[in-house]
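Coordinate inspection notes
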Amino acid sequence: MCKAALGLLLALVVVSPAAADEAADIVRDADNYRRPGESFVWKINITSHEAKKAPSTDGFEVYVKDRGRSLVKFIAPPRNVGRSLLALGRDLWIFLPDAGKPVRIPFSQRLVGQVANGDVARADYSGDYDAKLLGEEIVDGVPCHVLDLKAKTKEVTYAGVKYWVAKDGRRPVKAEFYAATGTLLKTGTFDGFKEVVPGRVLATRLTLADGIRKDKLSVLDYGGIVVRDIPEKYFDKNSMKSLD
Amino acid sequence: MRTLLVLFLVAGLTGAAAAADEPEGDVPDWLKALRVRGRVAEEFAYRLHDPGDVSKLKTLGWLEGKYTFSEAANVRVATRGYYDAVFAATDRYPDNVQRNQEKELELREAILTLSHGDFDVRVGRQQIVWGEAISTFVTDVVNPKDFREFVLPDFTELRIPIWALDGSWRLARNVTLEGVWTPDTTHNRLPKKGAEFQFQGPAFQFRNPVVRLPDGEDELSLARSEGGFRLSALREGWDVSLIYYDEADKTPVLFQRRVPQPPRPDVIVLEPRHPRLHIVGFTVAKSVEPVVIRSEVAVSVGKRYETTDRGDADGVVRRDTIDYLIGVDFPLVWDVDGALQLSQKILTGDAGGLTRPGVQGQVTTSLALRLTTGFFDNTLNPSVLFVIGVERGDFRLSPRLEWVLSGSLTMAVGADVFEGGRRTLYGQFDRNDRVTFTTTWRF
């Protein structure tokens with residue numbers, strides 16, 4: 001009994017780091033389907049659906065650099081134009097034209113529909129979460145790794161994510177997003193895989209469904225992708241007004 | 001002219017509608033670089049107390065254009081115009097108020113922005129906004145303010161733009177030094193006597209005749225130019241900035257002098273002046289999910305106040321003043337967001353005889369609570385702002401309900417209720433409670 005326990009302990013000590021490394025590798029590879037490069041601009045259309053209501057669409061132009069720095073400009077509808085969000089790592093500001101200056105806000109605050117600020121401002125799970133490989137499952141006929149992601153700090157949009165990544169090619173398939181209480185907040189599915197940048201296939205659609213009311217959906221469509229170097233002023237909160 | 005207008009509209013609509021993979025069509029490059037947008041608003045207010053009557057029937061228009069020459073250079077121009085039909089609809093306001101508030105066409109922005117590496121320069125007519133908190137001016141010290149409608153309009157509307165040179169230098173990642181210089185010493189715009197939101201003046205009780213001189217300093221002056229700097233840094237989630245600003249007090253201080261008129265009694269002359277202020281301060285903000293904390297401190301060295309002390313030769317005393325606030329934003333139940341803010345004004349010296357509204361003693365404390373939420377996917381957005389002066393119990397209560405009719409059109413109903421003694425900040429408008437109705441169309 002004692003030997004068996006010792007063996008199990010040794011196995012955990014020896015095997016766990018390797019398993020954690022593999023899990024981290026899988027998440028990092030899946031992240032590559034969610035970002036076209038190290039410095040790029042893309043446009044995101046968010047269409048919010050709810051039963052018995054006409055869908056509404058919000059447009060954003062997002063400037064991303066160095067995994068973790070992004071500027072999100074609101075470009076539609078007209079009532080939101082002029083607003084912007086700046087994310088520097090786990091710090092977030094919103095610029096509101098009525099206030100005339102950037103104001104600090106939390107990542108978890110709702111942006112529109114089922115979409116939190118962090119859903120648009122960050123496309124990087126490997127930087128925000130520690131991953132653990134739970135096993136394998138088949139999702140819609142696709143064999144997947146199942147991963148348990150735990151937030152590295154409290155300043156992350158979700159406390160935990162259950163993440164399904166295709167075994168073949170390691171592309172993201174599905175995610176469940178959880179609050180710290182363990183409550184399922186929303187479910188996301190990744191699709192619309194296209195080679196929008198030469199040599200780089202990206203998921204151009206993320207569908208987020210409310211954890212309780214499944215009829216409440218937000219569809220994020222990614223397009224207008226340009227990979228280019230973005231000047232530093234885009235990631236300076238003091239420049240948010242002049243970049244409007 | 002008509003062609004130009006059409007081009008402006010096309011550019012504005014193109015900018016607003018472009019999203020995702022939408023094709024941009026055959027718009028020429030020079031036109032893509034032009035962005036035009038604007039809004040039109042109709043603001044109605046009804047005064048609840050005697051005489052219950054319309055107090056605002058204002059039509060406002062904003063038009064803004066931005067032309068981007070390159071990543072490193074752009075120019076931006078914005079105008080605002082309004083006409084308030086309340087002066088035609090009622091005869092409650094004197095002519096001087098009508099002349100001052102009935103109509104206005106103002107250049108709100110004319111800025112050339114140039115960037116080179118880690119340097120940015122903005123030159124022209126602009127708003128330069130410092131500080132972390134909203135709905136307060138503790139370190140928002142650069143631009144003068146328009147108080148003709150108290151502090152009820154949006155803060156971008158309250159700030160009066162100035163001609164200035166504003167430069168930023170990114171010293172390192174997340175460390176920025178900003179320098180400001182302006183020869184534009186425009187003062188705060190205060191309501192005329194008889195206006196809806198006329199402030200209570202100092203409680204002078206002179207037995208002698210009094211002459212009040214006009215506030216006639218030139219608004220552009222190299223000799224009285226103002227300037228300062230702000231050093232901002234972000235470290236470990238702490239967003240900190242240090243500020244220094246040298247300016248003329250934007251609110252006039254009434255200095256007294258006696259002019260002998262033998263054999264008649266001396267005449268008391270009240271002369272508005274703008275003493276020099278040296279403002280030193282800092283701001284800090286930090287997010288501790290899901291709560292955000294923020295604080296601002298400003299020390300105004302050289303601040304002066306009118307006094308009713310008859311023994312004081314010029315009727316003015318110096319009281320260096322510390323203003324600070326501590327605020328916390330937090331989520332509540334049912335998707336309600338709360339923001340609680342404590343602010344204090346502390347005078348370094350005795351406050352006896354000082355009668356300025358907003359200064360209740362050596363320490364003046366104010367507590368503000370704002371609650372906001374949204375229903376039906378944020379198309380119906382109620383909010384309420386409650387601000388109370390702790391020492392005298394005067395308060396402002398402003399509930400508001402915004403209805404988003406479409407992506408371009410919003411309507412809002414609201415109220416502004418004031419209570420308190422006549423010589424308190426909010427109590428001076430005790431008889432000015434109002435309900436408001438606003439429609440805004442954006443393009």
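What counts, and at which threshold
Residues numbered from 1 in each chain as written. Chains lettered and ligands numbered in written order. Predicted model: local features only at pLDDT ≥ 70, side-chain atom pairs only at ≥ 80, totals over all residues. Helix = DSSP H or I, 4+ residues; strand = E, 2+ residues; numbered from the N terminus. Buried ≥ 20, exposed ≤ 12 C-beta atoms within 10 Å, placed from the backbone. Pairing = 2+ DSSP bridges. Axes fitted to C-alpha atoms, helices over the stretch in contact; angles between N-to-C directions. pLDDT = per-residue confidence, 0-100. Contact = placed C-beta atoms within 7 Å. Nonpolar A, V, L, I, M, F, W, Y, C, P; charged D, E, K, R; others polar.

**Description of the overall build of chain A**
Looking only at helices and strands, one finds four helices and 15 strands in chain A. Residue burial in chain A is summarised as follows: out of 244 residues, 46% are buried.

**Observations concerning the sheet that holds strand S12 (residues 253-261) of chain B**
Residue and element names in this part refer to chain B. Strand order in the open sheet formed by three strands is S9-S13-S12, and the pairing between neighbours is mixed. The open sheet has two edge strands, strand S9 (210-212) and S12, and neither has a second partner. Each neighbouring strand pair of the sheet contributes to a mean axis angle of 25°, computed without reference to strand direction. Here S12 runs beside strand S13 (residues 264-273); their pairing, made up of eight bridges, is antiparallel. Bridging from a neighbouring strand, Val 253 pairs with Arg 273 of S13.

**Some remarks on the confidence of the model for chain A**
Mean pLDDT for chain A: 84, with 86% of residues reaching 70 or above. With pLDDT under 50 throughout, residues 7-15 of chain A is counted as low confidence; its partners more than four residues away or in other chains account for zero contacts.

**So, the interface of chain B and chain A**
At the interface, 44 residues of chain B touch 40 residues of chain A. Grouping the amino acids of the side of chain B that touches chain A by side-chain chemistry returns 14 nonpolar, 14 polar and 16 charged.

**Quick word on the confidence of the model for chain B**
Residues and elements named next belong to chain B. Of all residues in chain B, 94% have pLDDT values of 70 or greater, and the mean over the chain is 88. Note that residues 1-22 has pLDDT below 50 and, in this model, 32 contacts with residues that lie over four places away or in other chains. Here the complex is predicted with pTM 0.83, and the ipTM for its interfaces comes to 0.82.

**A closer look at the environment of Tyr222(A)**
Residues and elements named next belong to chain A. Residue placement: Tyr 222 occurs in strand S15 (residues 217-227). Take Tyr 222: there are 24 C-beta atoms within 10 Å of it, and that puts it in the buried class. Considered as a pair, Tyr 222 and Lys 154 are 68 residues apart in the sequence and their alpha carbons are 28 Å apart. With near-sequence residues (within four places) excluded, Tyr 222 lies in contact with Trp 42, Ile 44, Leu 202 and Thr 204.

**Description of unusual backbone geometry**
Trans is the prevailing form of peptide bonds, just as negative phi is the prevailing case for residues other than glycine. Along the chain, Ala76(A) connects to Pro77(A) via a cis peptide bond; the corresponding omega equals -5°. Checked against the element boundaries, Pro77(A) lands in the loop between strand S3 (69-76) and strand S4 (84-88). Cis geometry marks the peptide bond from Pro262(B) to Pro263(B); its omega dihedral reads 5°. As for its position among the elements, Pro263(B) is in the loop between S12 and S13. Backbone geometry at Asp140(A) places phi at a positive 50°, although glycine is not the residue there. With respect to the secondary-structure elements, Asp140(A) resides in the loop between strand S9 (129-139) and strand S10 (142-151). According to the C-beta neighbour criterion, Asp140(A) is exposed, with 10 such atoms within 10 Å.

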